[in-house]
Amino acid sequence: MDADPEDRDPRARVLAGNLARVRRRIADAARDAGRDPTDITLIAVTKTFPADDARRLVELGVTDLGENRDQEASAKAAELAGTGVRWHFVGRLQRNKVASVASYAGMVHSVDRPELVTALDRAAGREGGLAGGRRLASLVQVNLDPSGPALARSRGGAEVDDVLSIATEIARSAHLRLAGVMAVAPLGAEPDPAFARLAEVARRVRGRHPDATVVSAGMSGDLAAAIRNGATHVRIGTALLGGRHDPVR
Ligand SMILES: *Cc1c(COP(=O)(O)O)cnc(C)c1O
């Protein structure tokens, strides 16, 4: 008799256990918040881990993978071509990388300035070619750090007051679809007040653009706070894959 695939691949067994724990945390947080767990999408952030791990997660049923650097993301997307997995680009976006990102990403979480809207729109248009262009789901990244723009420059994110105008620019773009907002909680601060601010920004954006329903928030350490405050997409790395040695973040 054939051994269970997880017996032949101890790493798959580890990932399966981690995935079950993360799914349970999401379900518990949703239930505590009076929400339906199926309304929350788990994005497994595979940065710094090999494509084999990404593939294992897909084989375990993960449908959405996230990366924060184009070079790594494009290589993994090529390796996993044909699996049907949806790639989320969650890192700082540089203008000279948008063409590459638009070629594999199903959702870009980190649009935080008008120049990026223009560049990404053009890139998404070129991707679609004669088919007339697919509309690339795009989120406005919001800076939630009260210490302001100086810190935001390293982590990304538009100032709260600029979010609506960037959102409207995305909504007007021929090849982009405004899907919602994204944020990272400030380091070393309570996540709930930050995510509550994000929820308020998200409401304001939906007031003008009712289809912009995505709230991408919550990482390994703060997913419950994010779900309490309306997150629809959580981005989980460490709790699924283990610790990393991030060169940059
Ligand atoms: C790395 C990363 C995550 C995942 O963080 P963990 O704490 O490892 O779960 C989520 N979002 C972004 C933008 C990231 O860069």
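No experiment lies behind these values; they were computed from the predicted model shown.

Colleague: Account for unusual backbone geometry, with residues named and values stated.
Modeller: Notably, Thr48 is not glycine yet its phi reads approximately 75 degrees, a positive angle. For Thr48, a relative accessible area of 36% translates into the label partly exposed.

Colleague: Lay out the packing of helix H2 (residues 10–32) against helix H3 (residues 51–59) in plain terms, naming residues and giving numbers.
Modeller: Helix packing geometry: the angle between the two helix axes and the distance between the axes. Running from N to C, H2 and H3 cross one another at 60 degrees; their axes reach a closest spacing of 10 Å. It follows that H2 is oblique to H3 by the angle criterion. Along this stretch, H2 crosses H3, giving a crossing that reads as right-handed. Along its contact with H2, which presents Arg11, Ala12 and Leu15, the element H3 presents Asp53, Arg56 and Leu57.

Colleague: Hey, could you go over the packing of helix H8 (residues 160–172) against helix H9 (residues 191–208) for me, with residue numbers and the actual values?
Modeller: It is the contact of H8 with H9, at a shortest axis distance of 10 Å, that shows an interaxial angle of 30 degrees. By the angle class used here, H8 and H9 are roughly parallel. Between H8 and H9 the crossing geometry is right-handed. Residues Val160, Val163, Leu164, Ala167 and Thr168 of H8 touch H9, and the partners they reach there are Val201, Arg204, Val205 and Arg208.

Colleague: Outline the pairing of strand S6 (residues 176–182), listing residues and values.
Modeller: Within S6, six of the seven residues are buried, which leaves it mostly tucked inside the rest of the structure. The sheet contact formed by S6 and strand S7 (residues 214–216) spans three bridges and is parallel. Note that in S7 the partner of Val181 across the bridge is Val215.

Colleague: Explain the environment of Trp87 to me, and be specific about the residues and the numbers.
Modeller: Following the sequence through the fold, Trp87 ends up in strand S3 (residues 86–89). Taking C-alpha positions, Trp87 is 8.7 Å from Val108, a pair spaced 21 residues apart along the chain. Dropping the residues within four chain positions of it, Trp87 is found in contact with Thr46, Leu65, Glu67, Lys76, Ala77, Leu80, Tyr104, Ala105, Gly106 and Met107.

Rules and cut-offs
Residues numbered from 1 in each chain as written. Predicted model: local features only at pLDDT ≥ 70, side-chain atom pairs only at ≥ 80, totals over all residues. Heavy atoms only, no water. Buried < 20%, exposed > 50% of the residue type's maximum accessible area, 1.4 Å probe, protein only. Axes fitted to C-alpha atoms, helices over the stretch in contact; angles between N-to-C directions. Helix = DSSP H or I, 4+ residues; strand = E, 2+ residues; numbered from the N terminus. Parallel < 35°, antiparallel > 145°, perpendicular 65-115°, else oblique. Left-handed = near helix turned anticlockwise from the far one by under 90°. Contact = heavy atoms within 4.5 Å. Pairing = 2+ DSSP bridges.

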